[in-house]
Every structure is written in C-alpha cells, then in structure tokens.
Amino acid sequence: MPKPNRAKGSLFSEEELPPNFASWEVADRAEVWVAEVALNLPLTTVYSYEVPDSLREVLSAGQRVEVPFGRGDKLQTGYCVAVGSQQRSSKRLKSLYSVLDREPLIDDSMLKLTRWIADRYLCGWGQVLESVIPAGVKRKSGTREVLAYELVPEWVALLAKVKLPAKQQAVIAVLQGANGPLRVDELCERAGCGTGPINSLKEKGYLRPVKQRTSAIAPVAAPIEVSPLFALNADQKLAVEAIIRAVQANLYTTFLLHGVTGSGKTEVYMQAIAEVVAFGRQAIVLVPEISLTPQTIRRFSARFPNVAVLHSHLTDAERHGYWQEIASGEVQVVVGARSAIFAPLPHLGMIVIDEEHETSFKQDNTPRYHAREVARQRAMLANIPLVLGSATPTLESWQRAVSGVDQLISLPSRVEDRPLPPVVIVDTRDDPYIKQGAGLGRQLLNAMQQSLKAGGQIILFLNVRGFAPVLWCRSCGKGTKCPDCDVTLTLHKELKAAICHSCDYSIPPPQVCRHCSAPGLSFLGIGTERLEAEVRARFPAATVLRMDSDSMRKRGSHATALDAFRHGEVQILLGTQMIAKGLDFPNVTLVGVVDADTSLHQPDVRAAERTFQLVAQVAGRTGRGSKGGRVLVQTSNPDQPAIVHASRHDYIGFANDELNARLVVNAPPHTSLARVVVRGPIEGDTLALAEQIAVKLKATSYCQTKQVHCQGPSPCMVTRLKGLFRFQIQLNAVELSHLQAAWLEVAPTLSPVANLEWMIDVDAMNMR
Ligand SMILES: [Zn+2]
Ligand SMILES: [Zn+2]
C-alpha cells in the first residue's frame, strides 16, 4: 500500500495492523459501517469497504473516496454510491482510505440515473460518474480555500462576563451578529481592526478557524429585459396546452413535436417553459452543439431572466460556477448540448430536446449514452414531461409516437401560413459543367444569377470541407492515404496541408505519388474551399462568405459571420452542416444543395435517413420571408426515395417507406443494435480476439435460440484508425434486454490481452 499522503482521520494501513486486530474488532462490535464504492473501471460491480469510525461522520453517498484496490492494494479514486451499517459477516472487508469531497457532488436522483446508464449501455457505474461530473466541479475550479473564523459555541455564554479590549469586543460582536463564519478580510473590515485582535481571541480559545471555499468568478446571467410572448396559431396553442397539462398533472409523458421547418417549435417550447417557471420549477433545453448560436441564446435569454448556457467552450471555472448556480436553484432554464442533461437542477419541471434527430446527442466514447434516452429516464424518475422536437424525427422516435407509446403533436404548417419552398431535383449526370469537375451545374448557376439580380441572398450547402477530398495519382491510380488510417487525405489549400479528417495527421501537400513517385497528383472531388473559389470566379461582383470549421476557428467568428449575412453584407453564404441548422433569414430566396449524394452511399443503415434529414433541413432555410424562396438539389440519384420524399416535404411518406425497408433487414427501430469493436496494432491478433468474442457470443443461449443475432467479425468501415486495426461484431435483438444479457454473460469471461481493446456500443449510431 502506498504511503498515505493525505492526513484524513487516523488510519492504519493493513500491514501496520496487529495480527489479531481483525478478531478483537469483530468481538467488539456486531455491526459495521460499509460504503459501496463504484470505481472508474469497465465493471458494473460495486465494491464494499469498511468505513473507519473517523470517517463515518464525513462520508455520504455522492462523494469521491480513495480505496485500496486489486493486487498490491493500490489506492484508487471511486465514488461512494451508498453507505450504511451492516451486520458484520465473517468476510473481512478492506478499509476505506479517505474521503475527497466535503459535500456530495451529486444527489440520489443522479445516482439512480447514472446507475441506469451503466446498466443500459453496458459500462461501469464509476465510468459514468467520472464522465458526467465536469472536471471543473471535481476540482472546484474557480474557487479557492480561504480562512474564516467562527465563535467557539461553548464559550459564547461566558463571553458576556469576561472583560476584553474594545477591538476584541468588536470582533466578538460582529461574529455574534453574523449567521456563520466570516472570512478574515471581512471580519477585519466589519470590526474595524487588523488581524491582531483576531489572533489574540484565537489564542484565548474564543475563536476557531474554519476553511471556506469562495467563488473566484462573478455570478452569471444578469437579468435583461424580458420580451413578451408571441401570439400562437391554433396548432401551436394545442401543443402548448397538451404539454402544460402534463406539467400540471406531474406526469411523465414523452411528446414528439413534429413540426415542419419554420413552424414555430421554439415558441412552443418557450411558452411551455414559461408555465414551468411560473410553477417555481426549472427546465433543461438540449440543442445540438452546432445550434448553440448567439441566435438561440438570445431568444432564450430575452424570454427568461436566468438562463445558463452550457457549451463546449466554457472554462472549468465557468462550468463549476454554473453548476453551483444551477444546483442552488437560481437558474430557471439550462440551455446546452448533450451533457447538459446532467445539470443538477433541484426542481426540474420539463426537458426539451430540440432537433432530436441530430447524431451529436449520442456520445461517441464511454459512456456511449444517447441523451434522448437519458432524458426519458430522468423525466420518468422526476414525473415530468419530455418534449422531443424535430422536422425530421429519427425513425426510433417516430415509431414510438405513431404506435402510441409516446404522444405525437403535429405542427403541419409554417407560421403565418408561409408555404414550404418548392424543391427542384437537378439530375447532374448529364450536366456539362459537373462533367468537367465543377460543383455548380448549369441550372443552379442560372438560379443563382436570377436570385442575385432580384436582390435575394443565397445559401449553398456542401458537407465536405477542405479543397479536394481525394489526392489521386494518374500513373498508378492510387489515392494518397493517411499512414495511420484507412482514409484518404484531404487537400486544404489555405492551410497548405493534406490532412486526415479522422486523426488530424497533416503533411505539406505532396508533390509526388507516395506509391510510384510519379509527379503531378490530381485533386479530385470538391470541398467547400474549392466551391468558394468557383463561386468567386463565377460571380466576381458578389460578396461571398464561407462557413466551416476551418474558416470559423476563432471564437466569436461564427456570430460575426451570421451578423454580416443577416445585415445583407454577404450575398452568398456557403458552408458545411454549420449552415444547415436553425438559421432563419427572411431574405434567403435560394438554397442550393451542391451534392446530395455525399451521405447517401455510406454503408450505414441510416444513410437514407441522414440524406432525407439533410435535404429537408437545408431546404428549411429558405421561404421564411415575404419574397418566398426555392431549393435546388443536385444529385446523380434523382430517383432515390430519400431525395424524392425530401423534395416533396413528405416526412411521413419517407418514414413509412423506410420503416418497411428496415423491417426487411431487421434493422432499428424494429430491433436494438449494438456493435462490439475490437482494435489493436497487429491485424492478426485483433481479428483473432474478435473471432474469439464472436464465438463466445454465438454460444450463448440468447444467440442459440435466435433471440439475439450475432454477425461478424468483419472489418470496420474505416479498417484502420489512428494506427489500430478494427474489427466489429454486430448484435441485433428485438428485446434489448436479451442483447444486454448475452454481453453480460460473455464480458466477464474475457481476460485482458496486451495491446488489444474492445468496447461495446449499444444503440450504435456511428458505424465507421
Ligand atoms: Zn502513383
Ligand atoms: Zn489518420
């Protein structure tokens, strides 16, 4: 056992105990205090530790503790998830070593929720706790420990009788008037003295020091002027009323708010939240990280005085400051990305997930939770409504709603009855410009000219960043790949680099082929940088702005760019996903989808769904003002159902077709899907382990009785990533519980293999 470095209580290490210590301890007491501890390990088990007398008073569930663990009893940090007395059994428990937090970091309801996540997504409870509590909260960032003083209670009665110097009396009087300890600086100021009298009182034993934490950052979210509610149309009114009924009845219900783009979903959320706030309760609004634009934040803070916005750019200190404010109940509405679902609101009244179809709600590393499912569970535990909003819901949510498990609310028309824009599918297979490698076809060019002539603004959408996604050798026909990944390098002209979009490997643009050394590589395909150059060449008089994660690196550049577009300083805005979401500009009269096929050919069961969502979302960016608008979608698959349905704004038609197609292949949402990925540096070893796991899975009773289907192993779509080979096994089951049980039967039998890793992703969304 390592040498104790933190003096907390009077603890012995096990080696220091007298040999008969355990036996006379047993004879002494029949009961023992036991803490259940979840460690940051991929294990669902919790471990029991005896709580020494010295720590009994200070320990409660939700605090971090240090415990000896494993061979050699190395100290590990874990979370105390339960503590209480037990009958002493013959099995001797190890002793808990120390308690790291003064106060619990999370409460009972959050302990329940995190336990549920561990069980649902097949990972360790301690892993979940470690991930959901922000680092800044654990470290208490932005606060510092200061010395404060309080009166020693035993002496208070006596103090009236003793004669003390005037300054010391003043100090006593100030402390008697205060309702708790006071910091030294505060005490000096209020008593009008230096530290001398305080030290004298301390030496006499009348005062005692206590350590306090104080926040170093200013309180957030100053109230600003609150804007009035908008008038609702009939559909919006019905939606708000249905949600409010659930709020008033204290009932868990999940509502799927299916509203076309521009139908005023946000206004529905806000009016329902206003009711929650009027009840003295609070709300969480989850939005995709990409939608955390100043526009969204402004709308919420203009309506509610105390809004906390949790985005990924917060410092640890800011995050900790917000966390404390939220826990104190001062914040009415928390707006944030995925992890805001764990915000510690004391009286949660409602949860909203806007754009619920966004894949960013699923976490891509352990714990691989989906915020929608966590929200559902949290809402259930708290008996409150959950509202999912989208113009293009996931088929998972859609099926639950149409089958009556959840409640469907529709907003079929746009506000002020503005029509949805006409969408034209442009077949690019015979376009002369596209054939020569251009991004803009003849029809789209004409439409752009017309739009600019009429004074309208244009949005061009292309979901590929960089200049060209493929560097190709004419001599040997090979592409230039990342040395560590099975991914071609993308040429970025502005950054003067060829970059791997999977691992950020970067080299100067190669002049010769890596395989045959022939000079003169061809740049194939079109990224946003290349599109920008083409647009500038075609429309030299127009003002053009490109928005993607390369051009928007600086903090605040996103807001500046959108402001410029809003004020008409920019005529053509082009970019990636960043411009597909939530932007609402009335003067946009043309939207061009430069290549609708980019997401269509992915070997992923959700490829069609993603394509539909993308086209429908981008199309929603126009026709919002009095000038109307139209959408051109360039594709070489003009008959693809996802594209045809999207061009007709026909979500229900698409959903029906796609649900049928998924039924045939036993895919979600008809089944639950999990993916086991094994990775390692040596291909043969990695495959061998994957095969071993697959054999074990296939031997379980669940697979034998066909309750669970196990496929693979097969190479992952990106076979090699960051230098590691990757193989996957797919598990499908009608009942998720069968799938979980099969894995829980196999996982404990797998012994660690050097350099090899495996993980399971339940409800996998990312199939790369
Ligand atoms: Zn070559
Ligand atoms: Zn790479």
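Residues numbered from 1 in each chain as written. Chains lettered and ligands numbered in written order. Predicted model: local features only at pLDDT ≥ 70, side-chain atom pairs only at ≥ 80, totals over all residues.

**Description of the overall build of the protein chain**
Turning to step 1, where the next piece is worked out: In terms of helices and strands, the protein chain carries 25 helices and 30 strands.
Turning to step 2, where the next piece is worked out: In terms of overall dimensions, the protein chain is globule-like: its C-alpha atoms have a radius of gyration of 31 Å, near the 27 Å expected for 768 residues.
Turning to step 3, where the next piece is worked out: Seen through its C-alpha atoms, the protein chain measures out along the principal axes to roughly 100 × 65 × 55 Å.
Turning to step 4, where the next piece is worked out: Counting only residues that meet the buried cut, the protein chain has 43% of its 768 residues in that class.
Turning to step 5, where the next piece is worked out: Excluding contacts between residues fewer than 6 apart, the proportion of contacts in the protein chain whose partners are at least 24 apart in sequence is 75%. (Helix = DSSP H or I, 4+ residues; strand = E, 2+ residues; numbered from the N terminus. Rg over C-alpha atoms; globule rule 2.2 N^0.38 Å. Buried ≥ 20, exposed ≤ 12 C-beta atoms within 10 Å, placed from the backbone. Contact = placed C-beta atoms within 7 Å.)

**A closer look at the domain arrangement of the protein chain**
Turning to step 1, where the next piece is worked out: In terms of domain boundaries, the protein chain breaks down into domain 1 (14–136), domain 2 (143–215), domain 3 (234–417), domain 4 (423–468 + 525–663) and domain 5 (672–762).
Turning to step 2, where the next piece is worked out: Summarising the inter-unit geometry, the C-alpha centres of domain 1 and domain 3 are found 35 Å apart.
Turning to step 3, where the next piece is worked out: Contact residues are listed per partner, giving 17 residues for domain 1 and 17 residues for domain 3.
Turning to step 4, where the next piece is worked out: Elements represented by at least two residues in the side of domain 1 that touches domain 3 include exactly α3 (108–121), α4 (125–132) and α5 (135–138).
Turning to step 5, where the next piece is worked out: Broken down by element, the side of domain 1 that touches domain 3 gets its largest block of residues, eight residues, from α3.
Turning to step 6, where the next piece is worked out: Partitioned by chemical class, the residues of the side of domain 1 that touches domain 3 number 11 nonpolar, four polar and two charged. (Domains from an automatic or database assignment. Nonpolar A, V, L, I, M, F, W, Y, C, P; charged D, E, K, R; others polar.)

**With respect to the sheet that holds strand β10 (residues 282–286)**
Turning to step 1, where the next piece is worked out: Within the open sheet, the seven strands sit side by side as β11-β12-β10-β13-β14-β9-β15. Their pairing is parallel. With one partner strand each, in any of the chains shown, β11 (307–310) and β15 (407–411) form the two edges of the open sheet. Each strand axis lies, on average, 15° off the axis of its neighbour in the sheet, ignoring direction.
Turning to step 2, where the next piece is worked out: In the packing of helix α15 (residues 395–402) onto the sheet, the strands contacted are β9 (254–259), β14 (386–390) and β15, and the crossing angle to β15 comes to about 105°. (Pairing = 2+ DSSP bridges. Axes fitted to C-alpha atoms, helices over the stretch in contact; angles between N-to-C directions.)

**Concerning the nonpolar core**
Turning to step 1, where the next piece is worked out: With 193 residues, the main nonpolar core has Ile284, Leu286, Val334 and Val615 as its most contacted residues.
Turning to step 2, where the next piece is worked out: Ignoring anything within four residues of it in the chain, the contact list for Val615 reads Val593, Ala596, Val633, Ile643 and Ala646.
Turning to step 3, where the next piece is worked out: One finds Val171, Ile172, Leu175 and Tyr206 within the second-largest nonpolar core, a separate group that totals 11 residues. (Core = buried A, V, L, I, M, F, W, Y, C linked by C-beta atoms within 7 Å.)

**Some remarks on the environment of Arg679**
Turning to step 1, where the next piece is worked out: Looking at the secondary structure, you find Arg679 in strand β27 (residues 672–680).
Turning to step 2, where the next piece is worked out: A residue is classified by how many C-beta atoms lie within 10 Å of it, and Arg679, with 22 of them, is buried.
Turning to step 3, where the next piece is worked out: Between the C-alpha atoms of Arg679 and Ser291, which are 388 residues apart in sequence, the distance is 33 Å.
Turning to step 4, where the next piece is worked out: If near-sequence neighbours (up to four positions away) are discounted, Arg679 is found in contact with Thr686, Leu724, Phe725, Arg726 and Glu757.

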